[in-house]
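In case you want the letters, here they are:
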Amino acid sequence: MGKMIYLDNAATTRTAPEVVDAMLPFFSEFYGNASTVYEFGGKSKEAISKAREIIARAIGAKENEIYFTAGGSESDNWALKATAEACKGKGNHIITSKIEHHAVLHTCQWLEQHGFEVTYLDVDEFGTVKLEELKKAIRPTTILISIMFANNEIGTIEPIEEIGKIAKEHGILFHTDAVQAFGQVPIDVDRMGIDMMSASGHKLNGPKGIGFLYIRKGVKIRSFIHGGAQERKRRAGTENVPGIVGLGKATELAIANMEERTARERELRDRLISRMLKEVPFTRVNGHRENRLPNNANFCFQFVEGESLLIMLDMKGICGSSGSACTSGSLDPSHVLLAIGLPHEIAHGSLRLTLGADTTEQDIDDTVDAVKEIVAQLREMSPLYEDYMKKA
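Parameters and conventions
Residues numbered from 1 in each chain as written. Predicted model: local features only at pLDDT ≥ 70, side-chain atom pairs only at ≥ 80, totals over all residues. Heavy atoms only, no water. Helix = DSSP H or I, 4+ residues; strand = E, 2+ residues; numbered from the N terminus. Rg over C-alpha atoms; globule rule 2.2 N^0.38 Å. Buried < 20%, exposed > 50% of the residue type's maximum accessible area, 1.4 Å probe, protein only. Axes fitted to C-alpha atoms, helices over the stretch in contact; angles between N-to-C directions. Parallel < 35°, antiparallel > 145°, perpendicular 65-115°, else oblique. Left-handed = near helix turned anticlockwise from the far one by under 90°. Contact = heavy atoms within 4.5 Å. Core = buried A, V, L, I, M, F, W, Y, C linked by side-chain atoms within 4.5 Å. Pairing = 2+ DSSP bridges. Patch = residues over 30% accessible without salt bridge, like charges linked within 9 Å, V, L, I, M, F, W, Y side chains within 5 Å. Areas by Shrake-Rupley, 256 points an atom, 1.4 Å probe, with all protein chains shown as cover. Salt bridge = Lys/Arg side-chain N within 4 Å of Asp/Glu carboxyl O. Arc of directions from axis to C-beta.

Draft legend 1. Looking closely at the overall build of the protein. Counting its secondary structure elements, the protein contains 15 helices and 12 strands. A compact globule built from 392 residues should have a C-alpha radius of gyration of about 21 Å, and the protein, at 22 Å, falls within 12% of that. In terms of its C-alpha atoms, the protein occupies a principal-axis envelope of roughly 75 × 55 × 35 Å. Burial statistics for the protein: of 392 residues in total, 56% are counted as buried.

Draft legend 2. The packing of helix α11 (residues 306-315) against helix α14 (residues 361-380), seen in detail. Packing of α11 against α14 leaves a shortest axis separation of 10 Å and a crossing angle of 130°. It follows that α11 is oblique to α14 by the angle criterion. Where α11 crosses over α14, the handedness of that crossing is right-handed. The residues of α14 that touch α11, namely those facing Ser308, Leu309, Met312 and Leu313, are Ala370, Val371, Ile374, Val375, Gln377 and Leu378.

Draft legend 3. The packing of helix α10 (residues 258-279) against α14, seen in detail. The geometry of α10 relative to α14 is characterised by a closest axis approach of 10 Å and an angle of 20° between their N-to-C directions. As judged from the angle between their axes, α10 and α14 are roughly parallel. As α10 runs across α14, the sense of the crossing is right-handed. Touching Leu268, Arg271, Leu272, Arg275, Met276 and Glu279 of α10 are Glu361, Ile364, Asp365, Val368, Asp369, Val371 and Lys372, all from α14.

Draft legend 4. Up close: the nonpolar core. Grouped together as the largest cluster of nonpolar side chains are 64 residues, with contacts concentrated most on Ile187 and Phe212. Sort the elements by how many residues they give to this core and helix α3 (residues 39-59) lands first, with seven residues. Leaving out residues up to four positions away in the same chain, Phe212 has contacts with Ile55, Ile59, Ile66, Tyr67, Phe68, Thr69, Ser75, Phe182, Met197, Ser198, Ala199 and Leu247. Formed by 26 residues, the second largest nonpolar core is a distinct cluster that contains Ile273, Met276, Phe301 and Ala370.

Draft legend 5. Summary view of the sheet that holds strand β5 (residues 142-146). Strands sit in the order β2-β8-β7-β6-β5-β3-β4 across an open sheet of seven strands; the sheet is mixed. Edge positions in the sheet fall to β2 (66-69) and β4 (117-121), since each has one partner strand and no second. With strand direction ignored, the average angle separating the axes of adjacent strands in the sheet is 20°. The sheet contact formed by strand β3 (residues 93-97) and β4 spans five bridges and is parallel. Across the sheet, Ile94 pairs through a bridge with Val118, a residue of β4. Strands in contact with helix α4 (residues 72-87) are β2, β5, β6 (173-177), β7 (196-200) and β8 (211-215); relative to β7, the strand with the most contacts, it is inclined by about 160°. Each of β3, β4, β5 and β6 is contacted by helix α5 (residues 102-112), which is oriented at about 150° to β4, the strand it contacts most.

Draft legend 6. Seen up close, the environment of Ala254. Checked against the element boundaries, Ala254 lands in helix α9 (residues 241-256). What makes Ala254 buried here is its relative accessible area of 7%. Along the backbone, Ala254 and Gly201 are 53 residues apart, and their C-alpha atoms lie at a distance of 11 Å. Excluding anything up to four places from it in sequence, Ala254 contacts Gly183, Leu204 and Arg261.

Draft legend 7. Molecular detail of a nonpolar patch on the surface. Residues Val20, Leu24 and Phe27 make up a contiguous nonpolar surface patch of roughly 270 Å² in combined accessible area. For Val20, a relative accessible area of 31% puts it in the partly exposed group.

Draft legend 8. Up close: the pairing of β2. Burial along β2 is two-sided: the residues Ile66 and Phe68 and Tyr67 and Thr69 are all buried. Here β2 pairs with β8 via four bridges, running antiparallel. Pairing of Thr69 across the sheet is with Gly211, part of β8.

Draft legend 9. Fine view of helix α7 (residues 160-169). All of the buried residues along α7 are Ile160, Ile163, Gly164, Ile166 and Ala167. The arc that holds the buried residues of α7, viewed along the axis, is 160°, so those residues lie on one side. Among the exposed residues of α7, those oriented more than 90 degrees off its buried face are Lys168 and Glu169. As for α7, its buried residues are in contact with α6 (131-137), β5 and β6.

Draft legend 10. Expanded view of the sheet that holds strand β10 (residues 296-301). Read across the open sheet, the three strands follow the order β9-β10-β12; overall the sheet is antiparallel. Only two strands of the sheet have a single partner each, and these edge strands are β9 (283-285) and β12 (350-354). Here the average twist between neighbouring strands, direction ignored, is 25°. Of the strand pairs in this sheet, β10 and β12 are connected by five bridges, and their pairing is antiparallel. Its bridge partner being in β12, Cys300 is matched across the sheet by Ser350.

So, in structure tokens, the structure goes:
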């Protein structure tokens, strides 16, 4: 095909040129420490304040409710561990879902080892949290509900506003991992009843290694990283000024063109899904068909191993990802695909394709053509497919 087709934007995105331009002066020209009292360091402090203002405005928050971190995983860890510590006098029970990012799931497992109890909610076949099960799971000792805004694998958007209402009715703190949703869908923390929210820069054409945790004013959780007095004494460490500036610029760009950009992504995504289902037999789409991220398409191809499909796509210059964790050294398929009820043999044949600002209609068509060819080749080598066709 000649050029690389990058369809793994849920993993990371290309840093936008405007973001790089905004960051560059803070590496070598305005490199002062924001915690100093002299004017030179004040330029860094001013840039941090501007970025904080942009991000707060984007989610309907106050500037002093935004705390910069190293990314989504740190923000998730901070929200869960600090809440557990702060509220242990009230209770020791946390509610989350079975399809959370591992930054939440592994943190919950760590908390279970330290005396906390965690309920992992089931989801329906589309990956949506069941609100009635959430209500039933609440106990007098429940201190936190942590449900992701949108799933990173299958793209399903959760009923966040409804969950926020349930949490508020019971006086329970509500945290959401919005790493995939921030910059892709409108977010209003007040209307949605969100007390804490995690986000990461590199998912919206910003730099890696920077993120933030929104903490509603009045939520009493302590610092996660101890040391200096940065971030109003709640997150120690010299500020990553270029990263913060980049995150602010990326947020500004994402919010400004969200409606136009996501409409285009949605159109291309629907073309991708439609062609794949029509032209590749024994294919299913994972996640909710309508209530999903505009750039996410996740498929399972029966009688195909996801890792082989990924490798052969890579040989054609196409970058995607698989729900199968084989490439991470595990033989288990995605926990998300198992949670929505897929059997192992089908979950192993998954492919996630996530679009970005640079994706074209030609990229979509070339990708579908390549998948058709590769899936046909892999099925020719599959004894399971051969047996199935003989019986058909």
